[in-house]
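Here is what each chain is made of, one letter per residue.
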Amino acid sequence: MGNDTTANNKLQKKELGELALRNAEQMAFPPTEWEADTLAEVLALPRVTVTRPPEEQLLAAGMLPYDCHVNCFAQAANDPDRMNRHVCGWMIYGSDLILHSVVETRGHWHCLTPQLVQAPSQFQFIPDPFIEWLEKNDGVKHAFRGGVRLPQGLRKFPGRHLRMRDELHDLIASGMSAFDARKMVDVTLGAELRKMDPI
């Protein structure tokens, strides 16, 4: 039993480290006027409160961790009564807006995406009616807004994300695991970012 727990912990740390690297790369793109303008437009839209069911319940229903768009597309497509509506928009996370999908059912908003780390049971979300899903040459649907393919998020302080990505890479290059590097960057630059003006 002890060996199984140790192996599971190592696997989870590896997955969280890889997720941190992916997220850092996805959020560390050069700032543009388009991003600043879009952030201002989105912040003017109405917000709703989304509830996240327990992780065990989501996993038992076959929902995939960190794959919100697939989960919500599937939930809406497999609902013969058309009670569940897939809604794409922006999860408010500190000073960032993260592209996210949820399901709306009779005026109730639900996140169907299990998390590997503990997450709040509710969060603020901005439904974005200007997002459309288009299938491109790769055969995969991508989110677009006003003809522009959407990034993973909209950032109030893009320079901080560039610094966080660079610091993460430097720590990993020094021999630190991605998991430990993520924790260290979160304690320093992440805490600094959270102290800045939230959205």
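Residues numbered from 1 in each chain as written. Predicted model: local features only at pLDDT ≥ 70, side-chain atom pairs only at ≥ 80, totals over all residues. Heavy atoms only, no water.

S.K.: Quick question: what am I supposed to make of the packing of aromatic side chains here?
M.R.: Under the definition given, this model contains one aromatic pair. Aromatic side chains F73 and W133 sit 5.2 Å apart centroid to centroid with 80° between the ring planes, which places their arrangement in the edge-to-face category. Here F73 is found in helix α4 (residues 68–77), whereas its partner W133 is found in strand β6 (residues 131–135), with 60 residues between them in sequence. For W133, a relative accessible area of 21% translates into the label partly exposed. A cation sits over an aromatic face here: R155 above F29, 3.6 Å from the ring centre. (Phe/Tyr/Trp six-rings, centres within 6.5 Å; stacked < 30°, edge-to-face > 60°. Helix = DSSP H or I, 4+ residues; strand = E, 2+ residues; numbered from the N terminus. Buried < 20%, exposed > 50% of the residue type's maximum accessible area, 1.4 Å probe, protein only. Lys NZ or Arg CZ within 6 Å of the ring centre and 35° of its normal.)

S.K.: Which parts of the structure should I look at to understand the nonpolar core?
M.R.: Proteins that are soluble and globular tend to have nonpolar side chains buried together. One finds W90, L97, L99, I126 and I131 to be the most contacted residues of the largest nonpolar core, which totals 13 residues. Counting residues per element, this core draws most heavily on strand β2 (residues 84–93), which supplies three residues. Residues in contact with L97, not counting those within four places in the same chain, are L39, V42, L43, W90, M91, I92, I126, Q152, G153, L154 and I199. Counting residues in hydrophobic clusters, the runner-up holds eleven residues, among them M27, V48, V50 and F125. (Core = buried A, V, L, I, M, F, W, Y, C linked by side-chain atoms within 4.5 Å. Contact = heavy atoms within 4.5 Å.)

S.K.: Explain the environment of E192 here, please?
M.R.: Relative to the helices and strands, E192 is located in helix α6 (residues 178–195). When the C-alpha positions of E192 and E33 are compared, they lie 24 Å apart, and in sequence the two are 159 residues distant. In this view, E192 contacts R160 and R163; residues no more than four positions away in its chain are not counted.

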